[in-house]
Amino acid sequence: GAGVSQSPSNKVTEKGKDVELRCDPISGHTALYWYRQSLGQGLEFLIYFQGNSAPDKSGLPSDRFSAERTGGSVSTLTIQRTQQEDSAVYLCASSWAGGRTDTQYFGPGTRLTVL
Amino acid sequence: GQQVMQIPQYQHVQEGEDFTTYCNSSTTLSNIQWYKQRPGGHPVFLIQLVKSGEVKKQKRLTFQFGEAKKNSSLHITATQTTDVGTYFCAGLPNTGNQFYFGTGTSLTVIP
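Positions within a chain are numbered from 1, following the residues in the order the chain's sequence is written. Here the convention is simple: chains get letters from A, ligands get numbers from 1, in the order in which they are written. Local features in this predicted model are restricted to residues of pLDDT 70 or higher, and side-chain atom pairs are both shown and tallied only at a pLDDT of 80 or more, whereas totals for entire chains, interfaces and linings draw on every residue. Side-chain descriptors were evaluated using all non-hydrogen atoms of the structure, hydrogens and water having been removed beforehand.

Caption draft 1: Up close: the overall build of chain B. Per the convention used, a helix needs a DSSP run of H or I reaching at least four residues, while a strand needs a run of E reaching at least two, with both numbered from the N terminus. Of regular secondary structure, chain B possesses zero helices and eleven strands. Tracing chain B from N to C terminus, the helices and strands come up as β-β-β-β-β-β-β-β-β-β-β. This radius of gyration counts C-alpha atoms alone. The globule rule is 2.2 Å times how many residues there are, raised to the power 0.38. In summary, chain B has a C-alpha radius of gyration of 13 Å against a globular reference of 13 Å for 111 residues, a match within 12%. Projected onto the principal axes, the alpha-carbon positions of chain B cover approximately 45 × 25 × 20 Å. When a residue's accessible area, from a 1.4 Å probe over protein chains only, is under 20% of the maximum for its type it is buried; when over 50% it is exposed; and in between it is partly exposed. Taking all 111 residues of chain B together, 48% fall into the buried category. Within chain B, counting contacts between residues at least 6 apart in sequence, those at least 24 apart form 54% of the total. Surface accessibility follows the Shrake-Rupley procedure with a 1.4 Å probe radius. Residue values consider only the protein chains on display as shielding. Accessible surface, chain B: about 5200 Å² in total, of which carbon and sulfur atoms supply 51%. Neither His nor the chain ends is counted toward charge; the positive residues are Lys and Arg and the negative residues Asp and Glu. Where a charge sits is defined by one atom per residue type, namely NZ (Lys), CZ (Arg), CG (Asp) or CD (Glu). Taken together, the 9 basic and 6 acidic charged side chains of chain B have centroids lying 9 Å from each other. The contact rule is simple, with two residues in contact once any of their heavy atoms fall within 4.5 Å.

Written out as C-alpha coordinates, the structure reads:
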(Lines give C-alpha, C1' and ligand atoms only; values in the text may rest on other atoms or scores of the structure.)
Protein backbone atom coordinates (compact mmCIF):
# COMPACT_ATOMS: atom_id res chain seq x y z
CA GLY A 1 0.00 0.00 0.00
CA ALA A 2 0.97 3.64 -0.19
CA GLY A 3 3.42 4.97 2.34
CA VAL A 4 3.57 8.36 3.99
CA SER A 5 3.61 11.13 1.41
CA GLN A 6 4.71 14.71 1.81
CA SER A 7 4.43 17.76 -0.38
CA PRO A 8 6.11 19.70 -1.71
CA SER A 9 9.34 17.73 -1.91
CA ASN A 10 11.31 20.97 -2.13
CA LYS A 11 10.37 24.49 -1.15
CA VAL A 12 12.45 27.60 -1.64
CA THR A 13 11.10 30.74 -0.04
CA GLU A 14 12.22 34.20 0.90
CA LYS A 15 12.84 35.26 4.45
CA GLY A 16 9.67 36.58 6.05
CA LYS A 17 7.26 34.55 3.91
CA ASP A 18 4.89 31.94 5.29
CA VAL A 19 5.07 28.31 4.15
CA GLU A 20 2.77 25.31 4.47
CA LEU A 21 4.04 21.75 4.40
CA ARG A 22 1.66 18.84 3.93
CA CYS A 23 1.74 15.27 5.18
CA ASP A 24 -0.53 12.39 4.16
CA PRO A 25 -0.09 9.53 6.62
CA ILE A 26 -0.60 5.87 5.89
CA SER A 27 -4.31 5.09 5.78
CA GLY A 28 -5.52 3.86 9.13
CA HIS A 29 -2.63 5.29 11.13
CA THR A 30 -3.95 7.36 14.00
CA ALA A 31 -0.67 8.85 15.16
CA LEU A 32 1.30 11.47 13.26
CA TYR A 33 4.64 13.10 14.06
CA TRP A 34 6.56 16.03 12.63
CA TYR A 35 10.34 16.23 12.90
CA ARG A 36 12.97 18.62 11.64
CA GLN A 37 16.37 17.49 10.41
CA SER A 38 19.04 20.09 9.84
CA LEU A 39 22.05 19.29 7.66
CA GLY A 40 24.09 16.54 9.27
CA GLN A 41 21.97 16.58 12.40
CA GLY A 42 19.61 14.20 14.12
CA LEU A 43 15.85 14.39 14.15
CA GLU A 44 14.32 17.14 16.24
CA PHE A 45 10.80 16.38 17.47
CA LEU A 46 8.30 19.12 16.67
CA ILE A 47 4.74 17.93 17.31
CA TYR A 48 2.71 14.75 17.79
CA PHE A 49 -0.95 14.04 17.02
CA GLN A 50 -2.80 11.02 18.38
CA GLY A 51 -6.41 10.50 17.38
CA ASN A 52 -8.67 13.16 18.81
CA SER A 53 -6.37 13.96 21.72
CA ALA A 54 -4.82 17.37 22.14
CA PRO A 55 -1.53 17.41 20.22
CA ASP A 56 1.81 17.37 22.01
CA LYS A 57 3.33 20.66 20.86
CA SER A 58 6.27 20.57 23.22
CA GLY A 59 8.84 20.45 20.42
CA LEU A 60 7.72 23.48 18.44
CA PRO A 61 10.69 25.90 18.50
CA SER A 62 8.69 29.12 18.45
CA ASP A 63 5.20 30.53 18.04
CA ARG A 64 5.92 30.94 14.33
CA PHE A 65 5.40 27.19 14.01
CA SER A 66 1.97 25.59 14.11
CA ALA A 67 0.38 22.40 12.85
CA GLU A 68 -3.08 21.08 12.23
CA ARG A 69 -4.48 17.69 11.53
CA THR A 70 -7.86 17.71 9.84
CA GLY A 71 -10.21 14.80 10.13
CA GLY A 72 -7.59 12.69 11.83
CA SER A 73 -5.70 12.25 8.59
CA VAL A 74 -3.84 14.91 6.60
CA SER A 75 -1.62 17.29 8.54
CA THR A 76 -0.26 20.71 7.65
CA LEU A 77 2.78 22.28 9.28
CA THR A 78 2.82 26.06 8.93
CA ILE A 79 5.85 28.25 9.46
CA GLN A 80 5.11 31.96 9.58
CA ARG A 81 7.63 34.70 8.84
CA THR A 82 10.30 32.19 7.88
CA GLN A 83 13.88 32.74 8.97
CA GLN A 84 17.07 31.36 7.46
CA GLU A 85 17.56 29.08 10.46
CA ASP A 86 14.30 27.37 9.52
CA SER A 87 16.06 25.82 6.52
CA ALA A 88 16.00 22.05 7.04
CA VAL A 89 14.29 18.87 5.94
CA TYR A 90 10.90 18.49 7.57
CA LEU A 91 9.93 14.87 8.06
CA CYS A 92 6.53 13.47 8.83
CA ALA A 93 5.96 10.02 10.29
CA SER A 94 2.87 8.02 11.16
CA SER A 95 2.18 4.95 13.23
CA TRP A 96 -0.82 2.72 13.86
CA ALA A 97 -1.83 3.99 17.25
CA GLY A 98 1.01 6.09 18.59
CA GLY A 99 1.61 3.45 21.16
CA ARG A 100 4.83 3.21 23.06
CA THR A 101 6.11 0.35 20.94
CA ASP A 102 4.75 1.38 17.56
CA THR A 103 7.02 1.62 14.53
CA GLN A 104 7.12 5.04 12.91
CA TYR A 105 6.91 5.13 9.12
CA PHE A 106 8.59 8.18 7.67
CA GLY A 107 7.72 10.14 4.59
CA PRO A 108 10.34 11.37 2.10
CA GLY A 109 10.44 14.81 3.69
CA THR A 110 10.17 18.38 2.47
CA ARG A 111 13.44 20.22 1.99
CA LEU A 112 12.87 23.86 2.96
CA THR A 113 15.34 26.52 1.93
CA VAL A 114 14.88 30.05 3.23
CA LEU A 115 16.86 32.62 1.28
CA GLY B 1 16.18 17.56 29.99
CA GLN B 2 16.06 14.27 28.16
CA GLN B 3 19.05 13.67 25.90
CA VAL B 4 20.11 10.81 23.69
CA MET B 5 23.70 10.92 22.51
CA GLN B 6 25.31 8.78 19.85
CA ILE B 7 28.95 8.12 19.11
CA PRO B 8 30.79 8.26 16.87
CA GLN B 9 29.27 10.96 14.67
CA TYR B 10 31.12 9.64 11.62
CA GLN B 11 32.80 6.32 10.85
CA HIS B 12 34.74 5.28 7.76
CA VAL B 13 35.54 1.59 7.39
CA GLN B 14 37.00 -0.65 4.75
CA GLU B 15 34.54 -3.08 3.28
CA GLY B 16 34.65 -6.24 5.37
CA GLU B 17 35.54 -4.48 8.61
CA ASP B 18 33.18 -4.36 11.56
CA PHE B 19 31.30 -1.26 12.73
CA THR B 20 29.68 -0.28 16.02
CA THR B 21 27.62 2.73 17.03
CA TYR B 22 26.70 3.51 20.63
CA CYS B 23 23.66 5.26 22.01
CA ASN B 24 23.47 6.70 25.53
CA SER B 25 20.51 8.22 27.32
CA SER B 26 20.57 10.59 30.27
CA THR B 27 17.55 8.80 31.73
CA THR B 28 16.17 5.27 31.84
CA LEU B 29 14.29 4.27 28.72
CA SER B 30 11.18 2.19 28.27
CA ASN B 31 12.35 0.97 24.90
CA ILE B 32 14.69 1.93 22.10
CA GLN B 33 14.31 1.80 18.36
CA TRP B 34 16.95 1.87 15.63
CA TYR B 35 16.51 3.45 12.21
CA LYS B 36 18.66 3.61 9.08
CA GLN B 37 18.67 6.57 6.72
CA ARG B 38 20.32 6.09 3.35
CA PRO B 39 21.90 9.17 1.73
CA GLY B 40 19.09 11.33 0.37
CA GLY B 41 16.47 9.07 1.91
CA HIS B 42 14.28 9.01 4.97
CA PRO B 43 14.67 7.00 8.19
CA VAL B 44 13.53 3.39 7.96
CA PHE B 45 12.77 1.30 11.02
CA LEU B 46 15.22 -1.52 11.75
CA ILE B 47 14.37 -2.95 15.14
CA GLN B 48 13.00 -2.30 18.63
CA LEU B 49 14.44 -3.41 21.96
CA VAL B 50 12.28 -3.48 25.06
CA LYS B 51 13.82 -5.73 27.70
CA SER B 52 16.82 -5.04 29.90
CA GLY B 53 19.89 -6.76 28.46
CA GLU B 54 18.05 -7.73 25.30
CA VAL B 55 20.06 -8.80 22.26
CA LYS B 56 18.56 -9.13 18.80
CA LYS B 57 20.19 -10.11 15.53
CA GLN B 58 19.30 -9.36 11.94
CA LYS B 59 21.76 -11.16 9.66
CA ARG B 60 25.01 -9.21 10.13
CA LEU B 61 23.46 -6.67 12.51
CA THR B 62 23.45 -7.18 16.28
CA PHE B 63 21.50 -4.87 18.56
CA GLN B 64 21.91 -4.68 22.33
CA PHE B 65 19.99 -2.90 25.08
CA GLY B 66 21.91 -2.26 28.27
CA GLU B 67 21.04 -3.80 31.61
CA ALA B 68 20.14 -0.39 33.02
CA LYS B 69 18.12 0.46 29.89
CA LYS B 70 20.12 3.65 29.41
CA ASN B 71 22.34 2.59 26.55
CA SER B 72 22.23 0.57 23.38
CA SER B 73 24.53 -0.47 20.58
CA LEU B 74 24.35 -1.57 16.98
CA HIS B 75 27.14 -3.74 15.64
CA ILE B 76 27.57 -4.64 11.99
CA THR B 77 29.85 -7.55 11.14
CA ALA B 78 31.79 -7.55 7.87
CA THR B 79 30.37 -4.32 6.46
CA GLN B 80 29.21 -4.11 2.86
CA THR B 81 28.71 -1.06 0.66
CA THR B 82 24.97 -1.51 1.08
CA ASP B 83 25.39 -0.67 4.77
CA VAL B 84 26.22 2.95 3.93
CA GLY B 85 23.94 5.45 5.63
CA THR B 86 23.21 7.14 8.93
CA TYR B 87 22.06 5.01 11.83
CA PHE B 88 19.83 6.61 14.44
CA CYS B 89 18.68 5.36 17.79
CA ALA B 90 15.42 6.65 19.24
CA GLY B 91 14.72 6.27 22.91
CA LEU B 92 11.34 6.39 24.60
CA PRO B 93 11.39 7.50 28.26
CA ASN B 94 9.22 5.74 30.81
CA THR B 95 6.57 8.45 30.56
CA GLY B 96 5.18 10.21 27.51
CA ASN B 97 5.02 9.17 23.88
CA GLN B 98 7.84 11.29 22.49
CA PHE B 99 10.81 9.43 21.06
CA TYR B 100 14.14 11.21 21.47
CA PHE B 101 16.37 10.60 18.49
CA GLY B 102 20.11 10.38 18.80
CA THR B 103 22.36 12.55 16.67
CA GLY B 104 23.08 9.63 14.36
CA THR B 105 26.24 7.89 13.17
CA SER B 106 27.11 8.30 9.52
CA LEU B 107 28.75 5.17 8.13
CA THR B 108 30.91 5.22 5.01
CA VAL B 109 32.12 1.91 3.61
CA ILE B 110 35.16 2.06 1.37
CA PRO B 111 35.17 -0.67 -1.29
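Caption draft 2: Molecular detail of the sheet that holds strand β7 (residues 75–79) of chain A. Residue and element names in this part refer to chain A. Strand pairing requires that DSSP identify at least two bridges connecting the strands. With respect to topology, four strands assemble into an open sheet ordered β1-β3-β7-β6, the strand pairing being antiparallel. Looking at the sheet topology across the chains shown, the edges are occupied by β1 (5–7) and β6 (65–69). Across the sheet, the axes of successive neighbouring strands diverge by a mean angle of 15 degrees, strand direction being ignored. Strand direction decides the pairing type here: β1 and strand β3 (residues 19–24), joined by three bridges, are antiparallel. Residue pairing in the sheet places S7 in a bridge with R22 of β3. Only the stretch in contact is used when a helix axis is fitted, and all axes are lines through C-alpha atoms; the angle between N-to-C directions ranges over 0 to 180 degrees.

Caption draft 3: Representation of the environment of B:S30. Of note, B:S30 is situated in strand β4 (residues 29–37). A sequence separation of 63 residues divides B:S30 from B:P93, and the C-alpha atoms of the two residues are 5.3 Å apart. In contact with B:S30, not counting residues within four places along its chain, are A:R100, B:V50, B:F65, B:K69, B:L92, B:P93 and B:N94.

Caption draft 4: Geometry of the packing of aromatic side chains. Two rings from Phe, Tyr or Trp (for Trp, the six-membered ring) form a pair when their centres are within 6.5 Å of each other. A pair whose planes differ by under 30 degrees is stacked, one over 60 is edge-to-face, and the rest are tilted. Evaluated as defined, the whole model comprises eleven aromatic pairs over all chains. With 6.2 Å between their ring centres and 70 degrees between their planes, A:Y35 and A:F45 make a pair best called edge-to-face. Separated by ten residues along the polypeptide, A:Y35 in strand β4 (residues 31–37) and A:F45 in strand β5 (residues 43–50) bring together distant segments of the chain. Measuring from ring centre to ring centre gives 5.9 Å for B:F19 and B:Y87, while their planes differ by 45 degrees; the resulting arrangement is tilted.

Caption draft 5: Focus on the sheet that holds strand β8 (residues 71–76) of chain B. Residue and element names in this part refer to chain B. Spatial ordering of the open sheet is given by β1-β3-β8-β7-β6, a layout of five strands whose pairing is antiparallel. A single partner strand is all that each edge strand has here, and the edge strands are β1 (4–7) and β6 (55–58). Mean inter-strand twist for the sheet, computed between neighbouring axes without regard to direction, equals 15 degrees.

Caption draft 6: The arrangement of the nonpolar core in detail. With 20 residues, the main nonpolar core has A:W34, A:L77 and A:Y90 as its most contacted residues. The set of elements that each furnish at least two residues to this core consists of β3, β4, β5, β6, β7, β8 (88–95) and β10 (110–114) of chain A. In contact with A:Y90, other than residues within four places in its own chain, are A:Q6, A:L21, A:W34, A:Y35, A:R36, A:L46, A:F65, A:L77, A:I79, A:G109, A:T110 and A:L112. Grouping buried Ala, Val, Leu, Ile, Met, Phe, Trp, Tyr and Cys residues that are joined through side-chain atoms within 4.5 Å yields what is termed a nonpolar core. Ranked by size, the runner-up nonpolar core spans 19 residues in total, among them B:V4, B:I32, B:W34 and B:L49.

Caption draft 7: Quick look at the state of the cysteines. Count a disulfide wherever a pair of cysteine sulfur atoms falls within 2.5 Å. For the structure on display, the rule yields two disulfides over all chains. Put simply, A:C23 and A:C92 are joined by a disulfide, and their sulfur atoms are 1.8 Å apart. Taking the sign of the S-S torsion, about -60 degrees here, the bridge from A:C23 to A:C92 comes out left-handed. Residue A:C23 is found in strand β3, and its partner A:C92 is found in strand β8; the two are separated by 69 residues along the sequence. Taken as a pair, A:C23 and A:C92 share a single burial class, namely buried. Residue B:C23 pairs covalently with B:C89 via a disulfide, S to S 2.0 Å. Classification of the bridge connecting B:C23 and B:C89 rests on its S-S torsion, roughly 70 degrees, and on that basis the disulfide is right-handed.

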